[in-house]
2 protein chains.
Amino acid sequence: MKKTNPTLAEIARVAGVSMMTASRAVNNQPGVSDEKRAEILRIADDLGYVANRAAQRLSGGRSHVIGVIAQLHTLFTSELVLGIGSAGRAANYEMLVYSLSDADNRPPGPILDLLSQIVDGVIVILPFQSDYLASLSNAKLPIVTIDEGNDAPFPKIMTDNYQGARLAIEHLAALGHRRIGFIAGNEGLASARDRARAFHDMRAQLGLDADPELVVHGNFMQQGGFLAAQRLMRLAEPPTAIFAANDMSAVGAMAAIRESKRSVPQDISLIGFDDVSVANHVHPALTTIRQPLTQMSRAAVNTLLAMISGIAPPAERILLSPELVARESTAAPPLEKLSQKPGRKGMTR
Amino acid sequence: MKKTNPTLAEIARVAGVSMMTASRAVNNQPGVSDEKRAEILRIADDLGYVANRAAQRLSGGRSHVIGVIAQLHTLFTSELVLGIGSAGRAANYEMLVYSLSDADNRPPGPILDLLSQIVDGVIVILPFQSDYLASLSNAKLPIVTIDEGNDAPFPKIMTDNYQGARLAIEHLAALGHRRIGFIAGNEGLASARDRARAFHDMRAQLGLDADPELVVHGNFMQQGGFLAAQRLMRLAEPPTAIFAANDMSAVGAMAAIRESKRSVPQDISLIGFDDVSVANHVHPALTTIRQPLTQMSRAAVNTLLAMISGIAPPAERILLSPELVARESTAAPPLEKLSQKPGRKGMTR
DNA sequence: ATGAAAGCGCTAACAT
DNA sequence: ATGTTAGCGCTTTCAT
């Protein structure tokens, strides 16, 4: 309909007020009488006024847009981005995403410079390149990170990975498993290391089989999980349960287990980590440790918005609690394995 | 290092020229002597000059940023976005993504208004909401769509879905399959309809079993594929091969086939569509029809950039050719099935 | 080839 | 409570 978007000046003219009054009304700022404000808002709405965020920002104000720097490669990241989008919108903030490919070694400075021309703050989600963050340090823009970035000097929102892995092992142990395999994640990532540490600690603490063969490398991806589980299935004495460091690995592992003519969970129990949407869509549905994605997004947005309003972030590090989601892929170990438990030592295959 | 970003004015001052000369030099525009240009560029580089895109755009120029409106829910979309990003960068354009959730019914107008303040043009990827596009019609910004949007009045980049589905069926038929199941996609989507149409046409043309039970509904998602394949596996006479309308459906189908104690491809051949990255990571690796994602991204970017420079788009519709990627999930049908072919009619089970 | 002036749409800062 | 002024960083247009 409207040829070109109305500007604040137009609103002001129609309402018979100055631009500043219009600005204050539109931005919910004090200094306008209620009647005038209502009138101006009505007119703005009528005319289909859309504030020019670029101009707002340029003139030193707030654009009410937050930026996200993310690698969109994994479902995990995408879901987080979606969460940030809706959390932002709930706070009347739009979101723009700067997508980084993983092959991407561009220096982050210019990206932040670009973003800072438009957005009021940035949330960084880079699960796969922790070192990247260090170089963002000298930014003149509020920054919050999710998931990684232990070394970076800004607030971090993370799941308690250690606690999550504990939950996983406790769940398997409670079902009666004593011989649990672990498919590790990408060792460059703090999240992977925390999960591994918890696995080892719990294994010791609960007196589970500590066979080193039970720990195999993975890479947080399907293929890595597949290969890892294949190795576990070929052990002289395979585990009765597997804890995969994330869901994608678990999905890969599931295929390998099937390929070895065993079934989940009758022969092998399988538990993942993340509760990414596929977890609920594979068959059997995957028992997993849920990262509270929605909470994480919300915490990130809230922290960022606080920083934008000049309030110091509540904490350098917000640790959110994961949660066990018991679905179909875990069960008690097969009976014959159970009966072997007492005399396990002498057992060869 | 630098406290605040240098502006064009600073560059100009240091170089001892006017802002306009600096602007022209930095933007590779004519009207500057070679020496001056070199000098200015050197200084800009030294000072770490980053153009303020918002200001460029505000003052009526080009920001050299393109926008993408997308639903990041599927791998397919994410990969496309990544492709657009690198195609854009190759043309010296940055990309900003506006992420739409699928639950999202916000009117597109304001989103475009927001984007238009920053970007020079927009690529829309909304495989799951075709109708959305109609409302974008009165935009004052160059727009290109990918994958859907048959009704929308701007250039569309698409894969030749009909041709792709033909390739799939021809492949299966060449292997000797006569009884082919089809897991359909989301019927609201033109892509799904084209693939279905090709399936029916080819089935008739090649004289394959035309049993209506062989066509089952899917939704382009894993779960839908699982359910659909389950139904196929329970038929009195199951197919020897399945064509899933996309890879995610195929992945779901694979699980269902396994669950029915059959194996891929020994008992059942399976072919997908898209060649999303999981296709190569499932086990067995999925034979599929590749959508030329990279080409599509590049075509979209090129078309958009042409429109931005005021050149009329080359075509209202660019149809790219899909390609068969034969991997491990397809093979000749089992011998006993093959031998039944002549007398199939009398066979019950 | 170069520069000066004007203005994009908006908001801080300082009026009144 | 409201308005005026100045300016954000840039590019257009119109000089020279």
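Small disclaimer: the values here were computed from a predicted structure and weren't measured.

*Asks:* Sorry, what's going on with the protein's contact with DNA strand C here?
*Replies:* Lining the immediate surroundings of DNA strand C are 25 residues, of which L8, S23 and Y49 of chain A together with T21 and S33 of chain B lie closest. Close to the protein, within 4 Å, the atoms of DNA strand C are drawn from sugar and phosphate at a rate of 66%. Residue L8 of chain A places a main-chain N or O atom 2.3 Å away from a phosphate oxygen belonging to DNA strand C. Take Q56 of chain A: an N or O atom from its side chain is 3.0 Å from a phosphate oxygen of DNA strand C. Of the residues contributing to the surface near DNA strand C, the split by class is 10 nonpolar, 13 polar and 2 charged.

*Asks:* Help me understand the packing of aromatic side chains in this model?
*Replies:* The way to describe two aromatic rings as a pair is by their centre distance and the angle between their planes. Residues and elements named next belong to chain B. In this structure the tally under the stated criterion is 5 aromatic pairs over all chains. Taken together, a centroid distance of 6.5 Å and an interplanar angle of 40° make the contact between F243 and F273 tilted. Residue F243 is located in strand β8 (residues 241–244), and its partner F273 is located in strand β9 (residues 269–274); the two are separated by 30 residues in the primary sequence. Comparing F243 with F273, the two get one shared label, buried. Positioned over the ring face of F273 is R195, at 3.8 Å from the centre of the ring.

*Asks:* Explanation requested: the relation of the copies chain B and chain A in the structure shown.
*Replies:* The operation linking the two copies of the chain is a rotation about an axis combined with a translation along the axis. Once chain B is rotated about the relating axis by 180° and shifted along it by 0.0 Å, it coincides with chain A to within an RMSD of 0.1 Å. The transformation just described matches what one would write down for a two-fold rotation axis.

*Asks:* Please clarify how the nonpolar core should be interpreted in this entry.
*Replies:* As a rule of thumb, nonpolar side chains are buried together in soluble globular proteins. Judged by nonpolar contacts, the single largest core of 110 residues is most densely connected at I66 and I123 of chain A together with I66 and I123 of chain B. Excluding residues that lie within four positions of it along the chain, I66 of chain B makes contacts with I84, Y93, E94, M95, L96, V119, G121, I123, V301, L304, L305 and I308 of chain B.

*Asks:* Looking at this structure, how should I read helix α7 (residues 161–175) of chain B?
*Replies:* Under the 1.5 Å per step criterion, the end-to-end length of α7 of chain B is 21 Å for 15 residues, consistent within 8% with the ideal 21 Å. At the N-terminal end of α7 of chain B, a side-chain oxygen is found 3.4 Å from the backbone nitrogen of Y162 of chain B, two or three residues along, and the residue is D160 of chain B.

*Asks:* Where do I start with the sheet that holds strand β7 (residues 215–216) of chain A in this structure?
*Replies:* Residue and element names in this part refer to chain A. As summarised here, the arrangement of the 6 strands in space is β7-β6-β8-β9-β10-β12, forming an open sheet in which the pairing is mixed. Sheet topology places β7 and β12 (323–325) at the edges, where each strand pairs with a single neighbour. Both strand β9 (residues 269–274) and strand β10 (residues 287–290) contribute to a ladder of 4 bridges, which runs parallel. What sits directly across from D274, in β10, is R290. Packed on one face of the sheet, helix α7 (residues 161–175) meets β6 (180–183), β8 (241–244), β9, β10 and β12 and runs near 165° to β9.

*Asks:* Would you take a moment to explain the sheet that holds strand β6 (residues 180–183) of chain B for this structure?
*Replies:* Within a sheet, each strand pairs with its neighbour through backbone hydrogen bonds, oriented either parallel or antiparallel. All names here are of chain B. Strand order across the open sheet formed by 6 strands is β7-β6-β8-β9-β10-β12, with mixed pairing between neighbours. Looking at the sheet topology across the chains shown, the edges are occupied by β7 (215–216) and β12 (323–325). Pairing between β6 and β8: 4 bridges, direction parallel. Within β8, the position partnered with I183 by the bridge is A244. The strands touched by helix α8 (residues 190–206) within the sheet are β6, β7, β8 and β9, with β6 carrying the most contacts at an inclination of about 165°.

*Asks:* Please clarify how the protein's contact with DNA strand D should be interpreted in this entry.
*Replies:* Residues in close proximity to DNA strand D total 25 residues, the closest being S33 of chain A together with L8, M20, Y49 and S59 of chain B. When atoms of DNA strand D within 4 Å of the protein are sorted by moiety, sugar and phosphate together comprise 60%. Residue assignment for the surface near DNA strand D shows that the elements contributing at least two residues are α2 (19–26) of chain A together with α2 (19–26) and α4 (53–58) of chain B. In terms of residue class, the surface near DNA strand D is made up of 10 nonpolar, 13 polar and 2 charged.

*Asks:* Would you mind going over the pairing of β9 of chain B with me for this structure?
*Replies:* Regular strands show a simple pattern: their side chains alternate between the two faces of the sheet. Residues and elements named next belong to chain B. Counting buried positions along β9 gives 6 out of 6 residues, so the element sits mostly inside the fold. As defined by bridge partners, β8 adjoins β9 across 3 bridges and the pair is classed as parallel. Counted as the bridge partner of A241 is S269 from β9.

*Asks:* Explain the interface of chain B and chain A here, please?
*Replies:* Frequently, the measure chosen for interface size is the accessible area that the parts lose on association. Taken together, the 45 residues of chain B in the interface contact 45 residues of chain A. Regarding the contact of chain B and chain A, the summed buried area is about 4,100 Å², with carbon and sulfur atoms giving 62% of it. Inspection of the region where chain B meets chain A yields 0 salt bridges. Between the two partners, chain B and chain A, sit 9 residue pairs in polar contact (both at pLDDT 80 or more). Residue contributions to the side of chain B that touches chain A peak at 6 residues, all from strand β2 (residues 94–99) of chain B. Counted by class, the side of chain B that touches chain A contains 23 nonpolar, 12 polar and 10 charged residues.

*Asks:* What is the right way to look at the pattern of salt bridges in this model?
*Replies:* Note that side chains of opposite charge can pair when their charged atoms are close. Inspection of the entire model under this criterion finds 26 salt bridges over all chains. Taking the shortest distance from any N to any O, the salt bridge between E323 of chain A and R290 of chain A comes out at 4.0 Å. Residue E323 of chain A is located in strand β12, and its partner R290 of chain A is located in strand β10; the two are separated by 33 residues in the primary sequence. Owing to a relative accessible area of 30%, R290 of chain A belongs among the partly exposed residues under this scheme. E316 of chain B is the salt-bridge partner of K156 of chain B, the closest N and O atoms lying 3.6 Å from each other. Of this pair, K156 of chain B sits in strand β5 (residues 156–159) while E316 of chain B sits in the loop between α11 (293–308) and β11 (317–320), placing them 160 residues apart in sequence. On the accessibility criterion, E316 of chain B (45% relative accessible area) is partly exposed. Salt bridges here are not isolated pairs; linked through shared partners, they connect R179, D209, D211 and E237 of chain A.

*Asks:* How do you make sense of the packing of α2 of chain B against helix α3 (residues 34–47) of chain B when you look at a structure like this?
*Replies:* In helix packing, the relevant descriptors are the interaxial angle and the interaxial distance, both defined with respect to the helix axes. All names here are of chain B. Running from amino to carboxyl end, α2 crosses α3 at an angle of 85°, the nearest separation of the two axes being 9 Å. The orientation of α2 with respect to α3, classified from their angle, is roughly perpendicular. Residues T21, A22, R24, A25 and V26 of α2 pack against K36, R37, I40 and L41 of α3. Here the contact of α2 with α3 is composed, by residue class, of 5 nonpolar, 1 polar and 3 charged.

*Asks:* Can you help me understand unusual backbone geometry in this one?
*Replies:* Apart from glycine, the bulk of residues carry a negative phi angle, and the bulk of peptide bonds sit in the trans form. Here the bond from V264 of chain A into P265 of chain A is cis, since omega is 5°, no more than 30 degrees from zero. Mapped onto the fold, P265 of chain A is located in the loop between α10 (247–259) and β9. Of note, the phi angle at H64 of chain B is positive, near 60°, even though the residue is not glycine. One can find H64 of chain B in the loop between α4 and β1 (65–70). Judged by its relative accessible area of 31%, H64 of chain B falls in the partly exposed class.

What counts and how
Residues numbered from 1 in each chain as written. Chains lettered and ligands numbered in written order. Predicted model: local features only at pLDDT ≥ 70, side-chain atom pairs only at ≥ 80, totals over all residues. Heavy atoms only, no water. Near = heavy atom within 4 Å. Polar contact = N/O pair within 3.5 Å; in protein donor to acceptor, adjacent residues only side chain to side chain. Nonpolar A, V, L, I, M, F, W, Y, C, P; charged D, E, K, R; others polar. Phe/Tyr/Trp six-rings, centres within 6.5 Å; stacked < 30°, edge-to-face > 60°. Helix = DSSP H or I, 4+ residues; strand = E, 2+ residues; numbered from the N terminus. Buried < 20%, exposed > 50% of the residue type's maximum accessible area, 1.4 Å probe, protein only. Lys NZ or Arg CZ within 6 Å of the ring centre and 35° of its normal. Least-squares fit on C-alpha atoms with pLDDT ≥ 70 in both. Core = buried A, V, L, I, M, F, W, Y, C linked by side-chain atoms within 4.5 Å. Contact = heavy atoms within 4.5 Å. Expected span 1.5 Å × (residues − 1). Pairing = 2+ DSSP bridges. Axes fitted to C-alpha atoms, helices over the stretch in contact; angles between N-to-C directions. Buried area = accessible area lost by both parts, 1.4 Å probe. Salt bridge = Lys/Arg side-chain N within 4 Å of Asp/Glu carboxyl O. Parallel < 35°, antiparallel > 145°, perpendicular 65-115°, else oblique.

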